[in-house]
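Overview (structure and organization)
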Amino acid sequence: HIILAPINMRLLDPADYGILALITSSITIGAALMGMGLRQFLSIEYFHHDALGQKKLINQIIILYALCAIPICIVLLILQPRIIALLSLHHISPLIFILTLIATFLSFFAELFYQILKYQQRAWELIRIQVAIAILALGTTILLLVWADLGVISNLIGQCITMGAATSIGFYTWRQEK
């Protein structure tokens, strides 16, 4: 965000920059609401279990999140035209809404994966993953923002890449370590 802020301020008009700020805040707030405190619950319960219990706890949290968040996302998609009209006065497109919803949904899994790596004291792996993903997302965002002139969508695609890559690596790790 620090690297992208001056680029965004230069290339986006004030209205688009405001929309980007609104979207970024929506992702943060939406992720916290959809997460229903499950990551905080993990932080309380994780160290009270042995390795098998920790894996069961993680699986239960993933299942519970999916069972609650997927229907919420479906309802939000159905109500999309009304939400766009109400919250943004039609200043965002359906594509921006969908990308925002994807980033919000995936952020739970990305943050859960990072949290588990911290708890397992795998700091170097966490740092390598975060740096690689940040470089990928930053490069993609700048490419789409500067050369493709996609505006706000560039930043959302970058956020989706960040959350999607972390979620994918987390899913791969989860499958390997069941």
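Summary of the structure given here.

All told, the structure shown has zero disulfides when counted by the stated rule. In this structure Cys 73 is not part of a disulfide, and its nearest cysteine sulfur, from Cys 68, lies 11 Å away. Unpaired in terms of disulfides, Cys 160 finds its nearest cysteine sulfur in Cys 73, a separation of 12 Å. By relative accessible area, Cys 160 is classed as buried at 12%.

Before going further, it helps to spend a moment on the packing of aromatic side chains. What the rule picks out here adds up to ten aromatic pairs. Residues Tyr 65 and Phe 109 carry aromatic rings whose centres are separated by 5.1 Å and whose planes lie at 85 degrees to one another, so their mutual orientation is edge-to-face. With Tyr 65 in helix H4 (residues 51-78) and Phe 109 in helix H6 (residues 94-119), the pair connects residues that are 44 residues apart, well separated along the chain. The pair Tyr 65 / Phe 109 is uniform in exposure class, with both members buried. Taking the centre distance of 5.5 Å and the plane angle of 70 degrees together, the rings of Phe 105 and Phe 109 count as edge-to-face. Separated by four residues within a single helix, Phe 105 and Phe 109 lie in helix H6, roughly one turn from each other. Accessibility expressed as a relative area gives 18% for Phe 109, which makes it buried. Site record: aromatic cluster; members linked through ring pairs are Tyr 65, Phe 105, Phe 108 and Phe 109.

The next point concerns the pattern of salt bridges. Tallying each qualifying case throughout the model produces two salt bridges. For Arg 122, the salt bridge is made with Glu 125, and the minimal N-O distance between the two is 2.9 Å. Residue Glu 177 is joined to Arg 122 by a salt bridge in which the shortest nitrogen-to-oxygen separation is 3.3 Å. Here Glu 177, found in helix H8 (residues 152-177), pairs with Arg 122, found in the loop between H6 and helix H7 (123-147); they are 55 residues apart in sequence, far enough to count as distant. Of the residues examined, Glu 177 reaches a relative accessible area of 36% and is grouped as partly exposed.

Considered as a void within the structure, the second largest pocket measures approximately 500 Å³ in volume. Secondary structure elements with two or more residues in the lining of the second largest pocket: H4, H6 and H8. At seven residues, H4 tops the list of elements feeding residues into the lining of the second largest pocket. Class assignment of the residues belonging to the lining of the second largest pocket gives a composition of twelve nonpolar, six polar and four charged.

When you line up the elements, Asn 8 lands in helix H1 (residues 4-11). Residue classification places Asn 8 among the buried residues on the basis of a relative accessible area of 4%. The residues contacting Asn 8, other than those within four sequence positions of it, are Tyr 17, Leu 20, Leu 145 and Asn 155.

Before going further, it helps to examine helix H5 (residues 80-88). Buried within H5 are the following residues: Gln 80, Ile 83, Ile 84 and Ser 88. On an axial view of H5, the arc spanned by its buried residues comes to 100 degrees, and they lie on one face. Exposed residues on H5 whose side chains face more than 90 degrees from its buried face are Pro 81, Arg 82 and Leu 86. Its buried side turned inward, H5 meets H4 and H6.

What counts, and at which threshold
- One numbering rule holds for all chains: residues counted from 1, following each sequence as written.
- Whole-chain, interface and lining totals are the exception, using all residues; otherwise, since this is a predicted model, local features are given only for residues with pLDDT of at least 70 and side-chain atom pairs are given and counted only at 80 or more.
- With hydrogens and water excluded, all non-hydrogen atoms of the structure serve as input to the side-chain values.
- Disulfides are defined as cysteine sulfur pairs within 2.5 Å.
- Partly exposed residues are those whose accessible area sits between 20% and 50% of the maximum for their type, while under 20% is buried and over 50% is exposed, using a 1.4 Å probe and protein chains only.
- Aromatic rings from Phe, Tyr and Trp, taking only the six-membered ring of Trp, are treated as a pair when their centres fall within 6.5 Å; an angle between ring planes under 30 degrees marks them as stacked, one over 60 as edge-to-face, and anything in between as tilted.
- By definition, any uninterrupted DSSP run of H or I lasting at least four residues is a helix, any uninterrupted run of E lasting at least two residues is a strand, and each is numbered from the N terminus.
- Any carboxyl oxygen of Asp or Glu within 4 Å of a side-chain nitrogen of Lys or Arg constitutes a salt bridge here.
- Cavities and pockets are defined on a 1 Å grid built over the protein atoms alone: a cavity is a set of grid points where a 1.4 Å probe fits but cannot escape, while a pocket is an open set with protein on both sides within 12 Å along at least five of seven lines, and lining residues are those with an atom within 4 Å of any such point.
- Grid points are joined across faces, edges and corners, and a volume is the space filled by probe spheres set on the points.
- Polar here means any residue outside two lists: the nonpolar Ala, Val, Leu, Ile, Met, Phe, Trp, Tyr, Cys and Pro, and the charged Asp, Glu, Lys and Arg; Gly therefore counts as polar.
- Pairs of residues are marked as contacts when any of their non-hydrogen atoms sit within 4.5 Å.
- Working note: the arc is built from the helix axis to C-beta atom directions.

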